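The lines below spell out each chain.
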Amino acid sequence: MSKQVTLTIDGKQITVPDGTLVADAAKLAGIDIPVFCHHPKLEPVGMCRMCLVEIGRPMFDRATGQIVMENGQPKIQFMPKLETACTNPVSEGMVVLTQTAKAKEGQKGTVEFLLTSHPLDCPICDKGGECPLQNLTMEHGPGKSRFIYDEKLHLDKQVPLGELIWLDRERCIQCARCIRFQDEIAGEAVLGFDERGRNTQIVSLSDPGFDSVFSGNTTDICPVGALTTADFRFGARPWELKAQASICTQCPVGCNTTLNTRREAKAGGDIVIKRVMPRQNEEVNEIWLCDKGRFAHHYVGSKKRLARPQIRKDEKLARASWDAATKLAAENFSASKKDFVILASGRLANEDLFNLKSLADHAGGRAILYSDMGGGDLTALVGVGAGTNLGKLGEGDAILVVASDLYEEAPIWYLRVKQAADRGAALIVANPRETKLDKFAKFSIRYSYGDEVKAVNDFGKKSKISDEFAKAKNAIVFFGSEGLGLNGTSAVASACADLLKETGHIGRASNGLIGVWQRANDQGAWEVGLQPEEDLAKALKGKAVYIVGTDPVGDDPKLAKALEGAEFVAVQDILETATTEIADVVLPAQAFSEREGTFTSGERRVQRFYAAVPPTGDSKPDFVITSMIAKQMNIVLEGTSVSVVFDILANSIEAFTDLSYAKLAEVRPQWPIVGRGDVYYGGTTYENKHGLGVQLVPAAQVGGTVRIPKVKKEAVLRPKEKELLAVPVNKLYDRGVTVSPAELLDERVGEATVSLHPEAAERLGVEAGARVKISFDGVSGEAVVKIDDTISAGVALVPRSMGIAIKEPVAAKVK
Amino acid sequence: MSVLEPVVELVRGLGQTFRYLFDRPVTYQYPEQKREVRPRFRGRHVLKRYDNGLEKCIGCSLCAAACPADAIFVEASENTDEKRFSPGERYASTYEINMLRCIYCGFCEDACPTEAIVLGDNYELSFTDRRSAIYPKEMLLEPVPTVDMTTPRKVETGVYKRSVPEMKDPTD
Amino acid sequence: MAQIEEVSIEQYKHLVSERALTGETMLLNMGPQHPSTHGVLRLLLELDGEVIVNAIPDIGFLHTGVEKNMEAKTYQKAEVMCDRLDYMNTVGNNLSYCLAVEKLVDLDVPERAQAIRVVLTELQRIASHLVWVGTFGLDLAAMSMFLYAFRERELILDILELCSGQRMMTTYIRPGGLWRDVPVEFEAAVRNFIKIFPKRVDEYENLLTKNPIFLDRLLGIGKLTKETALSHGVTGPSLRASGVNWDLRKARPYSGYEQYDFNVPVRTEGDTYARYLVRIQEFRESLKIVEQALNKLPMGPVRSDNRKFVPPPRSEIGVSMESLIHHFKLWTEGFPAPKASIYSAVESPRGELGVYLEGDGGPKPYRVHWRTPSFDNLSVIPKIVKGHLVADLVGILASIDIVLGDIDR
């Protein structure tokens, strides 16, 4: 228990931990001290002078060192001038006065100063309505101006800091929250101040501009409308938007979001999502979102959304009724008996996957998870214990990141791990190439592509690193799919699980294995019982296939060929894809924002999302469609209420025991306070009123011994002489089905690239930016060359989901 | 009271009305005769333009927020010098007023920071169905002063930057 | 096929006497649609021939949920709902609400605004009484009275249109003062009205006051004793005609009424005729107040300077950052009111019009309740019509001067 300090603010006595700043202490006591540059998650700077208050401390007698007493109470000595509450930590017996005439005069003066250079933009500024400057001017500022309009400073307006964020230099009040956020929290100092005095402005220090995947967060914490998103520019006023809680579906972190919707004439009278805002969940994403989650929501309202069921008649897809479509699918599935295959992906909710697995089980078919990452069964055994909070790791803890570029694969985990490292946790990054996380790592391990398991097994040998890991109080291991396919990831996961078991880091909170999956609900799919298949083409050929939420035809020509030879293909998806083009039956499904459901994050946290917009056309939720097909096959599956499906799921799967929708919707008060009337303090993140989610308990925590299954590792491919080994890497902005419709991100997505070592490039006679053709194993595609001198000379890095179907290391030819 | 008094009072009253028989009537024979409205009359809305033809409305939605009856719907869009509707960065791409919801209170006029929406003199509004009572921007915008001042149009770059003009207090 | 509800005596058993149950007395429905009930008022009459044994008012036909609606809007936006309460006294309703809001947030009102408020409120009182006297005569078959009264009322509505742009739902009085200053034609128009009106009142008196038919129909009818009036909460001219000298303008002065010299007409008979005479005299007294206020009209601003509650003048919005911010926030979010509850009443033409306002720290009122005079005045009807004829009921109802918008809200 840290040292507690008692102080009095405005006559109210409170006790707070030592080291708390006066501004935060006041907030805990329910007293609002106005701030601009102070943010509870950033280091204090005292730049804006808005939190001026009168602070008095007990007077000490210099001679004796004792407190001077007056009438039995310590004599309080007030400073002759006002002090900033954000830079002063509390001390015992401190007396703070925030409502005296002097303090009010100081606050009023500060607001007046800030408004002298502020442009008259309120009617055209996006921040109007949720603007801390407006709110604090109303509460603390003067009513009339003493400044002459013509003497206002004129600077550039609408400066693009990168194509995602606009900067308006006139509105900036130089509070440096954006610079400090990028520097302290994101770890990428891509913003800075330029010029001085009255002309101080923000500039982007990177090229491309504002090169950070956390850039959207600066618009949340900016106290004025200086930083705004290009996505939401002039979208709507905050009071015109409806807010609904949801979960981001782009990566396995499972950030809590709030979807702001509005009925628009621009959209033809439809209710559309105008913007995605973070929702506070201190155990998952705190108050942040990455740019992919923030800007890649456009697929929900895309014109390519499937709206009606379709059946193939005479080589063409024609509209059909739900009854006809589900009947046709059901007939074919029943007829195929053991040749019935369900192919589902982690894009689906837990309830959808459960119904699919139930259908497969009852029909005697097989449910396959579309993924080239294994190890989900291990996370069920030795995953992080219930009660895990990455935000609590610090001194004495260890985090190992193996084969994963967290910045590209799960940015918010990168943020949390980086902050844990800042707090003293021993971060060990094991990766074949340098990644952004290496900057914060205590130890960086470099291994060659193919030596992942060996690198993990080396922890069994005595070394400084392995000692640090072994004696850590808590240890978490992240494993990803950098340069690995299905078998590779399973092997690495197994090795990591062994390591954790050996070192005793399983079965309790903040200890265990986390898989950096490729899709949001892969963990949920594993929990429900779906597993990936190594030779997917073979598994699909000649079968009756029920493809849900995935696009194998667009991803891989081999799978396209296999599906051509399939007996029957029914596709259930939200958008038109290459797979729907070849389907026999197309079933339109609802996107996550149109219905309720749950996702299981990579930390095995089950979280609810809610319906924000009405469904597109005649689409139905995935689990309903599955239930309709099942009914036609004389199998009874719940198809009306999603919470009932969840209850059945909770009854069937041990890990989900005791969970219910009500339990998932429970909330607890969180710190810092954000949103509502406190936008000036924590930012415009939304308060979490819809549920914090519940973490599943891994088998190791339940008790008893855990047996880690051994994985038969295939032979490792090594780069051969004069040949390149193409290895898959992950990229945040890719051409995924749910990312492509967001045109704003097109520049960041860019073209397919292949990264080569300078030597390899020289050998091939290409330079950076040259177009080459890469081919392997029946796949070929065009790519743009990038030079990376941190990789080995024999490998070529090919990002997944950019049009070149790579799922594991493979020998390739580059021309 | 004497017998005559009631008669006297009756005659006095009837005489009153008889006198008015020859007095000038105060009735306006509407619709042939229409009384002119006073300068501050609050009638049908008009979206005003500047003298150079640019629209005054900057799509700020303050009128929509101020409306007690939720009668106004505004959507904003970006303005460029190539295609300029109003000075500044922002203009109203959608502007609709539901005339049946409107109570003609004039709060939108008070809330507008550019004097764009004003309540004019027309009170003769009638509709045959609810849909036609929703007036879109085209019906509300006042006509351009001359044809070459139509909006949207291309303008010199960097001239029309100020969104909120300096207004005079209303003196009428 | 629509369901036709069978109405039986069972539903009214507890309201009527036993004689009605046997069929000795007749139950007559003076239904909501009736030209003489001054709105959508339903009276269930139990008649013994022509004589009224019981009269039970049934109200609620004009209920639109004004109070609830006002609680869903900010203080500024809620004001437009006030006009639509007692639609004969729109300016008075605005005044009542604005005084309440000013009391709640402790807002000052400049002198000039107070004087103009008095002028317009008194003119509105005259207008309301004109409607009353017109419909009063109309109910009692003196049809020309109606036309003359409305001819004068046109002049007043013209003045209101000059000031605010609307004839009835003006919303001219705002918290902190007025919407805008009065136009230059205002003074001339009011002076013109002051010049011609006294003669017109004399004409009305000519027509009605000593008219034998009138006297026959009204003298001694509908006697309201002082005790009954006070126990039922009757206020306004109905109370003053029963001998109680209670006028909020004198007893609890507001908006500077204490500076003006006027009398409060009081009579002791308490019958319909007395109520008529009181209101006729009120015409003259109100005109006195208007003239005094107009003569005294001080120069100065018409809106409070307190920018935290009152939007700034238009000329400042384009050049002052603070003004633009305050303008923006006041029109979109509104001002927050402290956690307090107040009651503030004015003297409307019908009686004490009070509004109870409870703030909860936010921009919307937590509770708005209107203590409306017509509601309490109506409650005395069953008592005073007992034993009178149906024809007398018309006269009594008209003399109590109810407006259903006031009763039902």
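Residues numbered from 1 in each chain as written. Chains lettered and ligands numbered in written order. Predicted model: local features only at pLDDT ≥ 70, side-chain atom pairs only at ≥ 80, totals over all residues. Heavy atoms only, no water.

**Some words on the interface of chain B and chain C**
On the side of chain C, 44 residues touch chain B, which itself brings 40 residues to the contact. Taken over both partners, the interface formed by chain B and chain C buries close to 3900 Å², and the fraction arising from carbon and sulfur atoms is 54%. The interface formed by chain B and chain C contains 5 salt bridges. We note a salt bridge from Asp 158 of chain C to Arg 35 of chain B, for which the minimum N-O separation is 3.0 Å. Sorting the residues of the side of chain B that touches chain C by element identifies helix H1 (4-21), helix H2 (62-66) and helix H3 (107-111) of chain B as the ones contributing at least two each. If you tally residues by element for the side of chain B that touches chain C, the top one is H1 of chain B, at 9 residues. (Contact = heavy atoms within 4.5 Å. Buried area = accessible area lost by both parts, 1.4 Å probe. Salt bridge = Lys/Arg side-chain N within 4 Å of Asp/Glu carboxyl O. Helix = DSSP H or I, 4+ residues; strand = E, 2+ residues; numbered from the N terminus.)

**Side note on the sheet that holds strand E28 (residues 568-573) of chain A**
What holds strands together in a sheet is hydrogen bonding between their backbones, with the strands either parallel or antiparallel. Residue and element names in this part refer to chain A. Spatially, E18-E17-E29-E28-E27-E19-E20-E26 is the arrangement adopted by the 8 strands of the open sheet, whose pairing is mixed. Of all the strands in the sheet, the pair left with one neighbour each is strand E18 (316-319) and strand E26 (531-532). Judged from the 5 bridges that link them, strand E27 (residues 544-548) and E28 form a sheet pairing that is parallel. Paired with Ile 547 across the strands is Val 571, a residue of E28. (Pairing = 2+ DSSP bridges.)

**Structural notes on the interface of chain B and chain A**
Reports of interface size often rely on the accessible area that becomes lost once the parts have come together. The interface is formed by 19 residues belonging to chain B together with 20 residues belonging to chain A. Both sides together, the interface formed by chain B and chain A hides about 1600 Å², and carbon and sulfur atoms give 52% of it. Ranking the residues of chain B by area buried against chain A places Glu 75, Glu 89 and Arg 90 of chain B at the top, with a combined share of 37%. Applying the counting rule to chain B against chain A returns 3 salt bridges. One salt bridge connects Arg 90 of chain B with Asp 126 of chain A, and the closest N-O pair in it is separated by 3.8 Å. At the boundary of chain B and chain A, one finds 11 residue pairs in polar contact (both at pLDDT 80 or more). Elements supplying a minimum of two residues to the side of chain B that touches chain A: H2, strand E2 (72-78) and strand E3 (90-98) of chain B. Residues that form the side of chain B that touches chain A fall into these classes: 9 nonpolar, 5 polar and 5 charged. (Polar contact = N/O pair within 3.5 Å; in protein donor to acceptor, adjacent residues only side chain to side chain. Nonpolar A, V, L, I, M, F, W, Y, C, P; charged D, E, K, R; others polar.)

**Comments concerning the domain arrangement of chain C**
Residue and element names in this part refer to chain C. Each assigned domain of chain C is listed with its residue range as follows: domain 1 (2-58) and domain 2 (66-304 + 336-407). The interface of domain 1 with domain 2 comprises 18 residues on the first partner and 17 residues on the second. Counting each side, the surface lost to burial between domain 1 and domain 2 is near 1500 Å², with a carbon and sulfur contribution of 70%. Remark: the boundary between domain 1 and domain 2 carries 4 residue pairs in polar contact (both at pLDDT 80 or more). Looking at the side of domain 1 that touches domain 2, the element that brings in the most residues is strand E3 (residues 51-58), giving 6 residues. Broken down by class, the residue content of the side of domain 1 that touches domain 2 amounts to 12 nonpolar, 5 polar and 1 charged. (Domains from an automatic or database assignment.)

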